Amino acid sequence: MDDKKLIFSAIQPTGTFTLGNYIGAVRNWAPLQDQYNCIYCVADMHAITVKQEPAKLRQNTMAAYALLMACGLDPEKSILFIQSHVPTHALLNWVLCCNTQFGELSRMTQFKDKSQKHPDDVNAGLFTYPSLMAADILAYNADFVPVGVDQKQHLELARNIAQRFNQRYGDFFTQPEPYIIDVGAKVMSLQDPTKKMSKSDENPNACILILDDKDTIIRKFKRAVTDSEAEVCYREGKDGINNLMAIYSCVTGKDFAAIESEFAGKGYGDFKLAVGEAVADHLEPVRTEFDRIIADKAYLKQCYTDGAAKAFKYSQRIVSKVYHKVGFVDR
Ligand code: TRP
């Protein structure tokens, strides 16, 4: 690798991505590939901190990998792999766990939320999740980590762990910086636009999945909750319309003023249909590319096998230095 800065990020393989994951995260990753060295992984080890059905997890992991490729991540340009294929993450995780405080992990809001949601399975993996995430990043000494707001606290903890390690054992880890991508707005639920769009929403109309077909996408947008006015404009209190405008803007590149004049005098029905069509058309090439890749299992396997080999080679150098630094006998 050359002397470009290194970006690392990962995504959990929980079904297909939502329009929110796409606009807020994944679609911004491809353009970074020219400017940076990029390493992206499918975090299947993080996924099992909540109950998973094994066959489903395997299927979702492959689908997530193929989706990353369909979104423009190129295994020739970047290192693209599946987390459980690269043992260095788990090896580093142990050392980092021993440099992470119980109190720090207890303060993680995601841990508190998830343990409330699954009170019957508050397992140690769920608790030490941020330490594994730190290992993902520090195993490559990444400079930047593109993350959404919900992961900022975990990244902050990764920085603290890196700093503590450096104090104890001598300067070694790079302090990873959050890479903030300005995507305008967060994509909200189509049924309750005060809540983030989430695939775990009970109402399937609340959430667009990036592999939904055109008819489904249009149907969901037609049912989107708006307000009792009839004016397409961006204004406080018009959460539903604001959300649709933000989405429309993201997929068409038009700004709010242009959108307002485009729909001046038209009803919400026309606007919702236009948003649905624009989103469906925008996602069409992703869907086509996904279908092509997921059907070619041999190629997919070759890509993730090569990716894992490169990731292992890169991280192995770093992790063996860490093992030496903490006082393990060299092999
Ligand atoms: N925890 C992240 C999420 O749920 C996924 C993730 C795992 C990650 N390891 C990472 C993100 C390392 C950034 C860096 O979204």
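Residues numbered from 1 in each chain as written. Predicted model: local features only at pLDDT ≥ 70, side-chain atom pairs only at ≥ 80, totals over all residues. Heavy atoms only, no water.

**Q** Please clarify how helix α4 (residues 88-97) should be interpreted in this entry.
**A** Every α-helical turn comprises 3.6 residues, leaving residues that sit three or four positions apart pointing alike. Those residues of α4 that sit buried are T88, H89, L92, N93, V95 and L96. Along the axis of α4, the buried residues cluster in a sector spanning 165 degrees; they form a single face. Where the residues of α4 are buried, they touch β1 (6-11), β3 (79-82), α7 (124-138), α8 (152-169) and α13 (297-325). (Buried < 20%, exposed > 50% of the residue type's maximum accessible area, 1.4 Å probe, protein only. Helix = DSSP H or I, 4+ residues; strand = E, 2+ residues; numbered from the N terminus. Arc of directions from axis to C-beta. Contact = heavy atoms within 4.5 Å.)

**Q** Help me understand the layout of surface pockets, please; the structure alone is not making it clear to me.
**A** In this structure, the second largest pocket occupies an estimated 270 Å³ of space. As for the second largest pocket, its lining consists of T88, L91, F312, Q316, V319, S320, Y323, H324, F328, V329, D330 and R331. Counting only elements with at least two residues in the lining of the second largest pocket, the list comes to α4 and α13. The element best represented in the lining of the second largest pocket is α13, accounting for six residues. Looking at the lining of the second largest pocket residue by residue, the classes come out as six nonpolar, four polar and two charged. (1 Å grid on protein atoms, 1.4 Å probe; cavity = no way out; pocket = protein on both sides within 12 Å on 5 of 7 lines; lining within 4 Å. Points joined across faces, edges and corners; volume = space filled by probe spheres on them. Nonpolar A, V, L, I, M, F, W, Y, C, P; charged D, E, K, R; others polar.)

**Q** How should I be thinking about the packing of aromatic side chains in this particular structure?
**A** The geometry of an aromatic ring pair comes down to the distance between the two centres and the angle between the two planes. Inspection of the entire model under this criterion finds 18 aromatic pairs. Where Y248 meets F263, the ring centres are 5.8 Å apart and the plane angle is 70 degrees; that geometry is what we call edge-to-face. With Y248 in helix α10 (residues 239-252) and F263 in the loop between α11 (256-262) and α12 (268-295), this residue pair connects regions lying 15 residues apart in the sequence. Of the two residues examined, Y248 and F263, each falls in the buried class. (Phe/Tyr/Trp six-rings, centres within 6.5 Å; stacked < 30°, edge-to-face > 60°.)

**Q** How should unusual backbone geometry be read in this particular structure?
**A** For residues other than glycine, phi is negative in most cases, and the peptide bonds are mostly trans. Its identity as a non-glycine residue notwithstanding, N141 has a phi of 50 degrees, on the positive side. Turning to its location among the elements, N141 is positioned in the loop between α7 and β4 (144-146). Accessibility expressed as a relative area gives 16% for N141, which makes it buried.

**Q** What is the right way to look at the environment of G148 in this model?
**A** Position of G148 relative to the elements: it lies in the loop between β4 and α8. On a C-alpha basis, the gap between G148 and P178 in space is 9.1 Å, while along the polypeptide they are 30 residues apart.

**Q** I'm lost on helix α3 (residues 54-70) in this one. Help?
**A** Spanning 17 residues, α3 covers 24 Å between terminal C-alpha atoms, matching the ideal 24 Å at 1.5 Å per step. Within α3, burial applies to L57, N60, T61, A63, A64, Y65, A66, L67, L68, M69 and A70. Of the residues one or two after α3, G72 is the one with positive phi, at around 105 degrees. (Expected span 1.5 Å × (residues − 1).)

**Q** Explanation requested: the pairing of β3 in the structure shown.
**A** Walk down a regular strand and you will see the side chains alternate between the two sheet faces. Neither face of β3 is open: one carries I79 and F81, the other L80 and I82, and all of them are buried. Relative to β3, strand β2 (residues 37-42) runs parallel, the two being bridged by four bridges. Opposite Y40, over in β3, you have L80 as the bridge partner. (Pairing = 2+ DSSP bridges.)

**Q** How should the environment of A30 be read in this particular structure?
**A** Tracing the backbone shows A30 in the loop between α1 (19-29) and β2. For the pair A30 and G72, spaced 42 residues apart in sequence, the C-alpha separation works out to 5.3 Å. Look past the residues within four positions of A30 in its chain and what remains in contact with it is C71, G72 and L73.

**Q** Sorry, what's going on with the pattern of salt bridges here?
**A** Side-chain pairing between opposite charges can occur once the charged atoms of the two side chains come close. Across all of its chains, the model carries 14 salt bridges by this definition. The partner of R235 in a salt bridge is E229, with the nearest N and O atoms 3.3 Å apart. Overall, the relative accessible area of 36% leaves R235 in the partly exposed class. Look at E229 and you get partly exposed, because its relative accessible area is 37%. Here K238 and E229 are joined by a salt bridge, their closest N and O atoms 2.7 Å apart. (Salt bridge = Lys/Arg side-chain N within 4 Å of Asp/Glu carboxyl O.)

**Q** When you look at the state of the cysteines in this model, what are you seeing that I'm missing?
**A** Here is the idea: a disulfide is a covalent bond, and it sits between the sulfur atoms of two cysteines. By the definition in use, this model includes zero disulfides. Free cysteine: C71, not disulfide-bonded; nearest cysteine sulfur from C250 at 14 Å. Assessed through its relative accessible area of 10%, C71 is described here as buried. (Disulfide = S-S within 2.5 Å.)

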